[in-house]
Structure formats: structure tokens, C-alpha cells
Amino acid sequence: MQTKMIAGNEDFFIKKDVYKTPMAAMHYHVAFEIYYLVHGEREYFIEDRFLRMGNGDFLIIPPGLLHRTAGKGADRVLIHFSESFLLRYFTKEALELLEIGEKPFAFHPQKEDAPFFESVIAELLKCSDEERRVFYLFELLFRMRCSRNEYTEQKCSDQRIGEIVQYINEHYGRITTIEQIAEKFYLSKFYLCRLFAKELGVSLISYLNMIKIRAACAMLEANKMSLTEIAACCGFNSASYFCKVFKKEVGVSPKTYRSESLENGSGLHMQE
């Protein structure tokens, strides 16, 4: 399964739908995402964490975190919002109370609190006024942090996956072959690839490339390094191979990505 980068320039959007696809590709967003599972069961793998979601669960995913979801289906609400959207109406000090930062946050309200959260979601879905939307959103996030959290985290079926993912996330710049990862965890290359695909639903090489390309995007946006330097920092054996992988994953060449990013500050180029 090919990984995807999802991007958008909108400061806020919300949608409710029934999700029947058995598995989504690995992807990440440039905005915060709130996933509200109205009904169903889904499994999330975010960076090196495994989260199983059920009826009434909320999940906040910060920007830039690689994740994928799987399961039989779900009646869900998705909310995407940028920090700048909240800052139009609230101070940075107020946003600090929400504790939305770099780590995912899973939340399940107490039974007596559930009607409040349902009503706020309903208001967000039908509201079109930006000022009302941002205040409903702030109230939703604030109450998640202030209310008792009934969510219980469950572990991934194979604990080695979390360790492998963490190793890749931290050392991608020095990883040039899958064999290096296999040797690190005393596994055969064949077994490692099979285990990784089984647990995450994506091939190991696709995941590794996604991590490398995500880092490369940030370097390209900074506009301080040559393509050869970026390729080396991200663990590619050559600039030409880096460009080939980048275009496959992002949809444009690194040079085009850099020029578009500098021109309009759009961030990730969408490839679906």
C-alpha cells in the first residue's frame, strides 16, 4: 500500500461520514485533527503508539505525525483546524490551557458528560459562522482536558513494532538498507518485512521512505541546504534516488516543491 501525504490550506473544516474502507494509507496532516468515533471500532497507529478506538472516543492528532487507521467501519466526525484559527480569537496563554502540542491525545468522556460533547459536535456541524465555530472548538478542547478521561490505552499485539518504528523515526538519516533494521532487532529481513506489513498495513520500505521524505520536506522549506545535502541527511545513497522517491511520494520534484513552498507557504503538496 502506498503512503500518502495529506495537506490543506483551510484553517478549519468538519465533516461527518460513514467510513467503510478497511484500511487507510499512512499519511500526516499540516493541521490538527480531531477524530470523533460516533459508532464503530477503529485502530490507530500514530508514530510508535497503538490506539484502539470505540464508540464515543475522541482522538486529537497534532500536525506532522505519521498515522494510519484500520478497522471494519465507523460512523465518524473529522475536524481539522490550524493553531492560527484559534489564535484569531484567543491568546497563546489561553491556548496553553488546551495542552494541544506534539503528542496525540485519546479521550473518552464519562457517561454523564457524553451529552455535552455530543451537543458541541452537533453545533459545530451545523454552524457556519467562524466566530461561533472557534468558540465551540475551544470549548470542546478545553472540556476534554478538564473532564475525567475514561479512555484506556491498549498495547499493540507485537511490542517489537513500536520499538522498530521508534528506531526508524530516530535514526532514519543513518538507515540506508532494510538489513540494518533487521540486524538491529535480530530478525531476518523477510520476517521483519512480513511482521511490519502485518501490523501496520504498509510495507517497511514505504514507511521508511515516508519518514525520510517528511524530514526532507522540512529541509526544503527551510531553503538552506542543497538537494545533495538533504539526500545525505535523510539517508539516501544519492541525490538522484532521493529525487525519484520524493516525486513518487509527494507528486512533484524536490525543486518544484521548494519553489512552491517558498512562493505560497502551502506546505505539503497533496498526492492522493
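These figures come from a predicted structure and were not determined experimentally.

### Description of the overall build of the protein chain
1) Next: Assigned secondary structure in the protein chain consists of eleven helices and six strands.
2) Next: In the protein chain, buried positions account for 51% of the 272 residues.
3) Next: The long-range fraction of contacts in the protein chain, counting pairs at least 24 apart against all pairs at least 6 apart in sequence, stands at 70%.
4) Next: With an accessible surface of roughly 13500 Å², the protein chain has 50% of that area assigned to carbon and sulfur atoms.

### Let's talk about the pairing of strand 5 (residues 67-81)
1) Next: In terms of burial, strand 5 is largely enclosed, as twelve of its 15 residues are buried.
2) Next: Both strand 1 (residues 12-19) and strand 5 contribute to a ladder of eight bridges, which runs antiparallel. Across the sheet, Lys16 pairs through a bridge with Val77, a residue of strand 5.
3) Next: Pairing of strand 2 (residues 32-46) with strand 5, which is carried by 13 bridges, proceeds in the antiparallel orientation. Bridge pairing in strand 5 links Ile46 to His67.

### Digging into helix 8 (residues 204-222)
1) Next: Between its terminal C-alpha atoms helix 8 stretches 28 Å, which fits the 27 Å expected from 19 residues at 1.5 Å a residue.
2) Next: Here helix 8 lies mainly inside the structure; 15 of its 19 residues are buried.
3) Next: Asn223 sits one or two positions beyond helix 8 and adopts a positive phi of about 60°.

### Overview of the confidence of the model for the protein chain
1) Next: This prediction gives the protein chain a mean pLDDT of 86; 89% of its residues lie at or above 70.
2) Next: Every residue in residues 1-9 scores below 50 in pLDDT, and together they form 43 contacts with partners more than four places removed in sequence or on other chains.
3) Next: Here residues 268-272 scores under 50 on pLDDT; set against residues more than four positions off or in separate chains, the count is 25 contacts.

### A few points about the packing of helix 8 against helix 10 (residues 239-250)
1) Next: Between helix 8 and helix 10, whose axes approach to 10 Å, the crossing angle comes to 95°. Relative to helix 10, the element helix 8 is oriented roughly perpendicular. Residues Asn209, Met210, Ile213, Ala216, Cys217 and Leu220 of helix 8 form the contact with helix 10, whose own contacting residues are Phe242, Val245, Phe246, Glu249 and Val250.
2) Next: The residue makeup of the contact of helix 8 with helix 10, split by class, is nine nonpolar, one polar and one charged.

### Looking at the side chain of Arg76
1) Next: Considering the arrangement of structural elements, one finds Arg76 in strand 5.
2) Next: Given the relative accessible area of 8%, Arg76 is considered buried.

### Considering helix 7 (residues 189-200)
1) Next: When the terminal C-alpha atoms of helix 7 are compared, their 16 Å separation across twelve residues agrees well with the 16 Å that a helix rising 1.5 Å per residue should span.
2) Next: For helix 7, the full list of buried residues reads Leu192, Leu195, Phe196, Glu199 and Leu200. Down the axis of helix 7, the buried side of the element spans an arc of 100°, and every buried residue falls inside it. Those residues of helix 7 that are exposed and angled more than 90 degrees off the buried face are Phe190 and Lys198.
3) Next: Lining the buried residues of helix 7 we find strand 2, strand 5, helix 5 (159-171), helix 6 (178-184) and helix 8.

### So, the packing of aromatic side chains
1) Next: Counted by the stated rule, this structure contains 19 aromatic pairs.
2) Next: Of the aromatic side chains, those joined through ring pairs into one cluster are Tyr36, Phe58, Phe105, Phe107, Phe116 and Phe117.
3) Next: In this arrangement the basic side chain of Arg145 is found over the ring face of Phe105, its NZ or CZ atom lying 3.7 Å from the centre.
4) Next: Seen from the ring of Tyr28, Arg214 lies directly overhead, with NZ or CZ sitting 5.8 Å from the centre.

### Quick notes on the pattern of salt bridges
Where charged atoms from two side chains of opposite charge come close, those side chains can pair.
1) Next: Within this structure, the stated rule accounts for eight salt bridges.
2) Next: The partner of Arg88 in a salt bridge is Asp11, with the nearest N and O atoms 1.9 Å apart. Of this pair, Arg88 sits in the loop between helix 1 (83-87) and helix 2 (92-96) while Asp11 sits in the segment before strand 1; the two residues are 77 residues apart in sequence, bridging distant segments of the chain.
3) Next: Here Asp11 falls in the partly exposed class, since its relative accessible area comes to 22%.

### As for the nonpolar core
Buried together is how nonpolar side chains tend to be arranged in soluble globular proteins.
1) Next: Within the largest apolar cluster, 44 residues are counted, with the highest numbers of intra-cluster contacts made by Ile168, Ile181, Phe196, Tyr207, Phe242 and Phe246.
2) Next: Looking at this core, the elements that each hand over two or more residues are helix 5, helix 6, helix 7, helix 8, helix 9 (227-233) and helix 10.
3) Next: Per-element accounting of this core gives the leading share, eleven residues, to helix 8.
4) Next: Beyond its immediate stretch of four places on either side in the chain, Phe246 contacts Ile213, Ala216, Cys217, Leu220, Gly251, Val252, Ser253, Pro254 and Tyr257.

Here is what the cut-offs are and how they apply
- Residues numbered from 1 in each chain as written.
- Predicted model: local features only at pLDDT ≥ 70, side-chain atom pairs only at ≥ 80, totals over all residues.
- Heavy atoms only, no water.
- Helix = DSSP H or I, 4+ residues; strand = E, 2+ residues; numbered from the N terminus.
- Buried < 20%, exposed > 50% of the residue type's maximum accessible area, 1.4 Å probe, protein only.
- Contact = heavy atoms within 4.5 Å.
- Areas by Shrake-Rupley, 256 points an atom, 1.4 Å probe, with all protein chains shown as cover.
- Pairing = 2+ DSSP bridges.
- Expected span 1.5 Å × (residues − 1).
- pLDDT = per-residue confidence, 0-100.
- Axes fitted to C-alpha atoms, helices over the stretch in contact; angles between N-to-C directions.
- Parallel < 35°, antiparallel > 145°, perpendicular 65-115°, else oblique.
- Nonpolar A, V, L, I, M, F, W, Y, C, P; charged D, E, K, R; others polar.
- Arc of directions from axis to C-beta.
- Phe/Tyr/Trp six-rings, centres within 6.5 Å; stacked < 30°, edge-to-face > 60°.
- Lys NZ or Arg CZ within 6 Å of the ring centre and 35° of its normal.
- Salt bridge = Lys/Arg side-chain N within 4 Å of Asp/Glu carboxyl O.
- Core = buried A, V, L, I, M, F, W, Y, C linked by side-chain atoms within 4.5 Å.

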